[in-house]
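# Descriptive structure summary
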Amino acid sequence: MGFLDISNATKSYGSLEVLHKVDIQVEEGEFLVLVGPSGCGKSTLLNMIAGLEEITTGEIAIKGTAMNGVHPSKRNIAMVFQSYALYPNMTVGENITFGLEMHGVPKPEREKAKAQVAKLLQIEQLLDRKPGQLSGGQRQRVAMGRALVRDPDVFLFDEPLSNLDAKLRVDMRTEIKKLHQELGTTIVYVTHDQIEALTLSTRIAVMNGGYVQQLGTPKEIYDTPANLFVATFMGSPSMNLVPVRIVEQGGGLAAETFNAAGETVYLPFSAPSAELRSYAGQTITLGFRPEAFTDPGGADRDAGNIVELDSEVVVTEPAGSDTFVMTVLGGTECNARMRADVQVRPGDVTRFALNMDKAVVFDPKTEKRIP
Amino acid sequence: MSVASSDTAVRTGRITRTFLYLVLLLFALFYLLPFGVMLVNSVKPLEEITGGNMLALPQTLTLQPWFEAWATAQIGVEPTGLHPYFWNSIKMVVPAVAISTILGALNGYVLTKWRFKYDTLIFGFMLFACFIPFQIVLIPMARMLGLSGLAGSTAGLVLVHVIFGLGFTTLYFKNYYQVFPTELIRAAQIDGAGFFRIFQRILLPSSGPIIVVSVIWQFTNIWNDFLFGASFADLDSQPMTVALNNLVQSSTGVKQYNVHFAGAILAALPTLIVYIVAGRYFVRGLMAGSVKG
Ligand SMILES: Nc1ncnc2c1ncn2[C@@H]1O[C@H](COP(=O)(O)OP(=O)(O)OP(=O)(O)O)[C@@H](O)[C@H]1O
Ligand SMILES: [Mg+2]
């Protein structure tokens, strides 16, 4: 049993079920990120943890106590909203202490807690201002201060950075991560930004259409996505997906496909599973990330199974630190991440190196990963 | 808001501008003329009115008509002047405005932030109060007041005005709170504030403009009401408007026009004052629902 237990929780509006049997255990001190496209039910799940939405069936428990029907203020949670939701008529200081006041904390203690939080977030000089007189980043800090001051069991964040400009978003992201490392609090964090999810979390729940598609560490989610949705949603640029035929080759297995010129290419697997063997002769989907598909000189020296192949370059996109090179494999465009100063031009036939250790395969019918 | 509107105002040439001002001035005169006539004649002795030109300025200034209208004129059978009825109106208007505004605010709060099944239907019914012709409800209302023992009392009038004002005040507050961010309510809930605490600490402090709208609207309507006052009030609860009518109707012998004019101005004065004091918030508040921020 975890610190925060979501067991078989569903949510329906009338006859419409928007969350289907969600099962997540969060340990104390974990940073769980709920990520998924718009409308997948992230906010709904977060609001159910907060008590702002009822749980239709199933159970949500915090520290072993079922929270179904418990009022939001009695759950010992704190929430940071996308719009920050600062009370416009109160000063920053009053915003921070309002919750304590409502919980009957005496004034001297409130002042002390306020001073501590203000120091931690470096907003001491803002305490007497109204929210309307703050910049976006400052409002964000105040909203976090209001959550921190309560010293809750669980912090809930609903897309807290989506209203900030790109640079500030990155800064605040780092700051939230630092804060989590310093305070060791349990956090559930909603975002639709997969980079935020990968950088902040200790674990990620990827959601789509009201289902949790995969729950795992950022590395598990990135390297071994459970299905095609997770594979394409996480990572930028997204994973290359190529239709290949599984063929027997010299006692092992290989993926057979063709390059831009239509020449057949064989991509041998180093240690195919029994499961994959049963697909021999069938067409499946091979997935590999752009960084596993490079120029031979830039390939990972520690990798055991690098396959080199020639193909025609369609487009090049220099991106400063790298150059992205597009080619066609199996009839689909593939993105290769090469070193910044490679000399390739569109129309050239060049040599690519594919790290088959990092490749994953999917059953195109079930869209699930073949282990 | 004034800054924004002058920024977006269409630029006009000097001639058009002069023309515009002339037309506006003309309209202003047109509206002010009746009031001017009343004012001028209320400070004349009666002979100057009966003997000559209504529009002429007074030759002798006198405040006697004002004094008479306030303190000694014949209202119905009693020579009390209008002042007891002025207080009757105040005693009716203040609670009726306060109660209907507070209830309207609560209704708006519930209808936007604590939605329940069939809430739009209930709101639809409440809107009937805005559009129903009052003549239709006179007799049932008289019966209700009689049954509840409030017939002829100030409390009865307050009740009637609250009921008929509620539709408008609810509409105002509902529109205003519709754009009030629900996340604020949720944040306050998590902070541990209850239904009334959220209303009092979060919503009301941000409701200034719409409260002004509601108060002006209700004050003007209730103060100027004649129908309910004439139908449901006793001698000792009659409002100013009914008394003014009695003053004008009941003078025996010579019609004292100067006193009538003074009385009419006295009856209109409170609404005028409310407009002058709070009027500029009125437009701002009416706009608040439609324009964000
Ligand atoms: N009151 C409601 N009645 C009916 N359906 C609702 C209601 N509230 C939300 N939904 C539906 O529930 C689903 C999940 O909504 P939710 O707000 O949780 O999405 P989200 O993942 O947070 O999306 P976003 O990234 O856009 O915030 C959506 O399909 C939405 O249409
Ligand atoms: Mg959301």
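Residues numbered from 1 in each chain as written. Chains lettered and ligands numbered in written order. Predicted model: local features only at pLDDT ≥ 70, side-chain atom pairs only at ≥ 80, totals over all residues. Heavy atoms only, no water.

The next thing to look at is the overall build of chain A. When its secondary structure is counted, chain A shows nine helices and 21 strands. Projected onto its principal axes, the C-alpha coordinates of chain A cover approximately 75 × 45 × 35 Å. Classification of the 371 residues of chain A by burial places 52% in the buried group. Within chain A, counting contacts between residues at least 6 apart in sequence, those at least 24 apart form 66% of the total. (Helix = DSSP H or I, 4+ residues; strand = E, 2+ residues; numbered from the N terminus. Buried < 20%, exposed > 50% of the residue type's maximum accessible area, 1.4 Å probe, protein only. Contact = heavy atoms within 4.5 Å.)

On to the sheet that holds strand β9 (residues 203-208) of chain A. Residues and elements named next belong to chain A. Read from one edge of the open sheet, six strands run β6-β7-β8-β3-β9-β10, paired in mixed fashion. Each of the sheet's edge strands pairs with one partner strand only, and the pair in question is β6 (77-80) and β10 (211-216). Averaged over all pairs of adjacent strands, the angle between their axes in this sheet comes to 15°, without regard to strand direction. Strand direction decides the pairing type here: strand β3 (residues 31-35) and β9, joined by four bridges, are parallel. (Pairing = 2+ DSSP bridges. Axes fitted to C-alpha atoms, helices over the stretch in contact; angles between N-to-C directions.)

Right, let's talk about the site of ligand 1 for a bit. Residues and elements named next belong to chain A. Ligand 1 sits among Y13, V18, S38, G39, C40, G41, K42, S43, T44 and E159. The separation between an oxygen atom of ligand 1 and a polar main-chain atom of G39 is 2.8 Å. T44 places a side-chain nitrogen or oxygen 2.4 Å from an oxygen atom of ligand 1. Coverage of ligand 1 by the protein chains reaches 58% of its 640 Å² of free accessible surface. Here the shell around ligand 1 takes three residues from helix α1 (residues 42-50), the largest share from any one element. (Near = heavy atom within 4 Å. Polar contact = N/O pair within 3.5 Å; in protein donor to acceptor, adjacent residues only side chain to side chain. Areas by Shrake-Rupley, 256 points an atom, 1.4 Å probe, with all protein chains shown as cover.)

For the rest of this paragraph, the subject is the sheet that holds strand β2 (residues 16-26) of chain A. Residue and element names in this part refer to chain A. With antiparallel pairing, four strands are arranged side by side in an open sheet as β2-β1-β4-β5. At either margin of the open sheet sits one strand with a lone partner, and together these are β2 and β5 (65-66). Sheet strands in contact with α1 are β1 (4-13), β2 and β4 (57-62), and its direction is about 120° off that of β1.

This next bit is on a nonpolar patch on the surface. Residues and elements named next belong to chain B. There is a patch of nonpolar side chains on the surface, built from L32, F35, L39, L269, L272, I273, Y275, I276 and V277 and spanning about 810 Å² of accessible area. For the nonpolar patch, the elements supplying multiple residues, two or more each, are α2 (14-42) and α14 (257-288). Sorting elements by how many residues they give to the nonpolar patch places α14 first, with six residues. Looking at where L272 falls in the secondary structure, it is placed in helix α14. (Patch = residues over 30% accessible without salt bridge, like charges linked within 9 Å, V, L, I, M, F, W, Y side chains within 5 Å. Salt bridge = Lys/Arg side-chain N within 4 Å of Asp/Glu carboxyl O.)

This next bit is on the layout of surface pockets. By volume, the second largest pocket is sized at about 640 Å³. In this structure, the second largest pocket is lined by 23 residues; those nearest its centre are K11, L52, E53 and E54 of chain A together with R186 of chain B. Of all the secondary-structure elements, those providing two or more residues to the lining of the second largest pocket are β1 of chain A together with α5 (83-113) and α9 (182-190) of chain B. If you tally residues by element for the lining of the second largest pocket, the top one is α9 of chain B, at four residues. Tallied by class, the residues present in the lining of the second largest pocket amount to seven nonpolar, nine polar and seven charged. (1 Å grid on protein atoms, 1.4 Å probe; cavity = no way out; pocket = protein on both sides within 12 Å on 5 of 7 lines; lining within 4 Å. Points joined across faces, edges and corners; volume = space filled by probe spheres on them. Nonpolar A, V, L, I, M, F, W, Y, C, P; charged D, E, K, R; others polar.)

With that settled, the discussion passes to the domain arrangement of chain B. Taken domain by domain, chain B consists of domain 1 (1-33) and domain 2 (83-290). With centres defined by C-alpha atoms, the gap from domain 1 of chain B to domain 2 of chain B works out at 33 Å. (Domains from an automatic or database assignment.)

Before going further, it helps to examine the interface of chain B and chain A. In this complex, chain B contributes 15 residues to the contact, which on the side of chain A involves 27 residues. Counting each side, the surface lost to burial between chain B and chain A is near 1800 Å², with a carbon and sulfur contribution of 58%. Of the charged contacts, one joins E101 of chain A and R201 of chain B as a salt bridge, the two residues approaching to 3.0 Å between their closest N and O atoms. Between the two partners, chain B and chain A, sit eight residue pairs in polar contact (both at pLDDT 80 or more). Elements that contribute at least two residues to the side of chain B that touches chain A include exactly α9 and α10 (195-203) of chain B. Sort the elements by how many residues they give to the side of chain B that touches chain A and α9 of chain B lands first, with seven residues. A per-class count over the side of chain B that touches chain A returns seven nonpolar, three polar and five charged. (Buried area = accessible area lost by both parts, 1.4 Å probe.)

Next up on the list: empty space enclosed by the protein. Under the defined criterion, the tally for this structure stands at two cavities of 30 Å³ or more. Roughly 90 Å³ of volume is contained in the largest cavity. Lining the largest cavity we find M144, A147, L148, F155, F157, I176, L179, H180, L183, T185 and I187 of chain A. Secondary-structure elements contributing two or more residues to the lining of the largest cavity are α4 (136-148), β7 (154-158) and α5 (166-183) of chain A. No other element matches α5 of chain A, which puts four residues into the lining of the largest cavity. Residues of the lining of the largest cavity, tallied by class, amount to nine nonpolar, two polar and no charged. Considered as a void within the structure, the second largest cavity measures approximately 60 Å³ in volume. A78, M79, F81, R146, A147 and R150 of chain A together with A187, I190 and D191 of chain B together form the lining of the second largest cavity. When residues of the lining of the second largest cavity are traced back to their parent elements, those giving at least two are β6 and α4 of chain A together with α9 of chain B. The class makeup of the residues in the lining of the second largest cavity is six nonpolar, no polar and three charged.

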